[in-house]
Amino acid sequence: MSKDRWVEETFHPHWRVRLKADEILHEVKTEHQHLVIFKNETWGTVLMLDGVCQLTTSDEFVYHEMMAHVPLMALDKPKRVLVIGGGDGGVLREVLKHDTVANATLCEIDRTVVDTALEHYPEIANGCFSDSRADIVIADGLKYVAETREKFDAIIVDSSEPIGPSAVLHTHAFFADCKRALTEGGILVTQNGLPFLLPDHLAGTTEIFASLFKRCAPYLCTQPCYFGGPFALNWASDDESLLDVSPKKLAKRAAKRGISGLKYWTPAGHLAAFALPAYAQTVADKAIAKAAAKAAKAKARKAK
Ligand code: SAM
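If you're wondering where the values come from, they're calculated on a predicted model, not measured in any experiment.

Peer 1: Can you walk me through the overall build of the protein chain in this structure?
Peer 2: Within the protein chain, the regular secondary structure consists of ten helices and 13 strands. Here the protein chain has a C-alpha radius of gyration of 19 Å; the compact-globule value for 304 residues is 19 Å, and the two agree. Within the span of the protein chain, comprising 304 residues, buried residues form 51% of the whole. Once local pairs closer than 6 in sequence are excluded, the contacts in the protein chain between residues at least 24 apart make up 68%. As presented, the protein chain carries roughly 13500 Å² of accessible surface, and 56% of it is formed by carbon and sulfur atoms. Looking at charge distribution, the protein chain has the averaged site of its 36 positive side-chain charges lying 9 Å from that of its 38 negative ones.

Next up, the structure:
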């Protein structure tokens, strides 16, 4: 009788989650990270990177819809989009549903993620890698945004946790370069972890966003396979009006772009996602206040 294999998340120091691997489809230490893809009766096909559950085919729509449609529906005519990370293709698939998008560039550091996604769970990318509007770049996102002279209406940082190759995608330098690569009034969104368990992750990104942009706003989604409560994404833009697009207008845009059949994003849910529970709002408010205090101090120093 073969011994069952259980695959553990190893990200949290004092607790672990493990999923039964009914079949290991691929396991490798790439030049960037440990990658394992396996089948699980409940979750479907699971991708784990460096001991962190990245996605499952059963619930990936939650995160991918909220990463893509919240910024793009808020924009009147999003044409050029940059996705950093996201080598599974889920965010790119959702971005390309917007017929206003003429070009979507995906910059993924690890080709193995793309190759194994196409081999073991192609339904997530659903052909988007071969869409004529998609450009796939295999590179470090930090270097890509530092060097690009392109401008994007939305930049979506679909990174992993701030560990391994992804650590650089949670830094001031990286987000400052993202800002430079945005068109005027463009939107930057990033994944921002579990605010209940990792408030510092939310605080750190919010403080950086608040120091770089006129408006920043964390928003939440309920991603079942991200154990530990609601999952935070974060938003930043210099166009303060973009957070106030009405549900009616969002619904009109979705209809006009021929986007239907989504399984998580709705116009009402889009706005509700920004209504944070008090414990998360307090983290965000403190981070924004900290950024403002630092800016005021720097201004006073300069005035001397
Ligand atoms: N789509 C996933 C989900 O549903 O949770 C999110 C994680 S996605 C798999 C994270 C991707 O970021 C991985 O494919 C990883 O290889 C990539 N990545 C990590 N560091 C990177 C970097 N510095 N530049 C570009 N891509 C990076």
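Peer 1: Hey, could you run me through helix H1 (residues 60-74) in this one?
Peer 2: Given 3.6 residues per turn, any residue in an α-helix points the same way as the ones three and four places further on. An ideal rise of 1.5 Å per residue puts 21 Å on 15 residues; H1 measures up with 22 Å between its terminal C-alpha atoms. Where H1 bends most, at Met66, the angle is about 25°. Most of H1 is tucked away: 15 of the 15 residues are buried.

Peer 1: Explain a positive patch on the surface to me, please; I cannot follow it from the model alone.
Peer 2: Taken together, the side chains of Lys248, Lys249, Lys252 and Lys256 define a basic patch exposed on the protein surface. Checked against the element boundaries, Lys248 lands in helix H8 (residues 247-256).

Peer 1: For this particular structure, what's the right way to read the packing of helix H6 (residues 172-180) against helix H7 (residues 199-212)?
Peer 2: The packing of two helices is summarised by the inter-axis angle and the distance between the axes. Orientation of H6 relative to H7, taken along the N-to-C sense of each, is 40°, at an axis distance of 10 Å. Taken together, H6 and H7 sit at an angle that is classed as oblique. The hand of the H6/H7 crossing is right-handed. Seen from H6, the contacting residues are His172, Phe175, Ala176 and Lys179; seen from H7, they are Thr205, Ile208, Phe209, Ser211 and Leu212. Classifying every residue of the contact of H6 with H7 by side-chain character gives five nonpolar, three polar and one charged.

Peer 1: Looking at this model, I keep getting lost on the nonpolar core. Mind explaining?
Peer 2: Generally speaking, a soluble globular protein has its nonpolar side chains buried in company with each other. Residues Val95, Tyr219 and Trp235 are the most contacted members of the largest nonpolar core, which totals 57 residues. Broken down by element, this core gets its largest block of residues, ten residues, from H1. Viewed by domain, this core spans two of them, domain 1 (5-56) and domain 2 (60-299), each represented by three or more residues. The next biggest cluster of nonpolar side chains, apart from the first, holds 21 residues, and it includes Leu82, Tyr144, Ile155 and Ala236.

Peer 1: What's the story with the sheet that holds strand E3 (residues 23-29) in this structure? I'm lost.
Peer 2: Strand order across the open sheet formed by four strands is E3-E4-E5-E6, with antiparallel pairing between neighbours. Either end of the sheet is taken by a strand with one partner, and the two such strands are E3 and strand E6 (52-56). On average, each strand axis in the sheet is inclined to that of its neighbour by 20°, with strand direction left out of account. Of the strand pairs in this sheet, E3 and strand E4 (residues 34-40) are connected by six bridges, and their pairing is antiparallel. Across the sheet, the residue bridging to Ile24 is Phe38, located in E4.

About the thresholds
Residues numbered from 1 in each chain as written. Predicted model: local features only at pLDDT ≥ 70, side-chain atom pairs only at ≥ 80, totals over all residues. Heavy atoms only, no water. Helix = DSSP H or I, 4+ residues; strand = E, 2+ residues; numbered from the N terminus. Rg over C-alpha atoms; globule rule 2.2 N^0.38 Å. Buried < 20%, exposed > 50% of the residue type's maximum accessible area, 1.4 Å probe, protein only. Contact = heavy atoms within 4.5 Å. Areas by Shrake-Rupley, 256 points an atom, 1.4 Å probe, with all protein chains shown as cover. Lys, Arg positive; Asp, Glu negative; His and termini not counted. Charge placed at Lys NZ, Arg CZ, Asp CG, Glu CD. Expected span 1.5 Å × (residues − 1). Bend = angle between axes of the 7 residues up to and from the residue. Patch = residues over 30% accessible without salt bridge, like charges linked within 9 Å, V, L, I, M, F, W, Y side chains within 5 Å. Salt bridge = Lys/Arg side-chain N within 4 Å of Asp/Glu carboxyl O. Axes fitted to C-alpha atoms, helices over the stretch in contact; angles between N-to-C directions. Parallel < 35°, antiparallel > 145°, perpendicular 65-115°, else oblique. Left-handed = near helix turned anticlockwise from the far one by under 90°. Nonpolar A, V, L, I, M, F, W, Y, C, P; charged D, E, K, R; others polar. Core = buried A, V, L, I, M, F, W, Y, C linked by side-chain atoms within 4.5 Å. Domains from an automatic or database assignment. Pairing = 2+ DSSP bridges.

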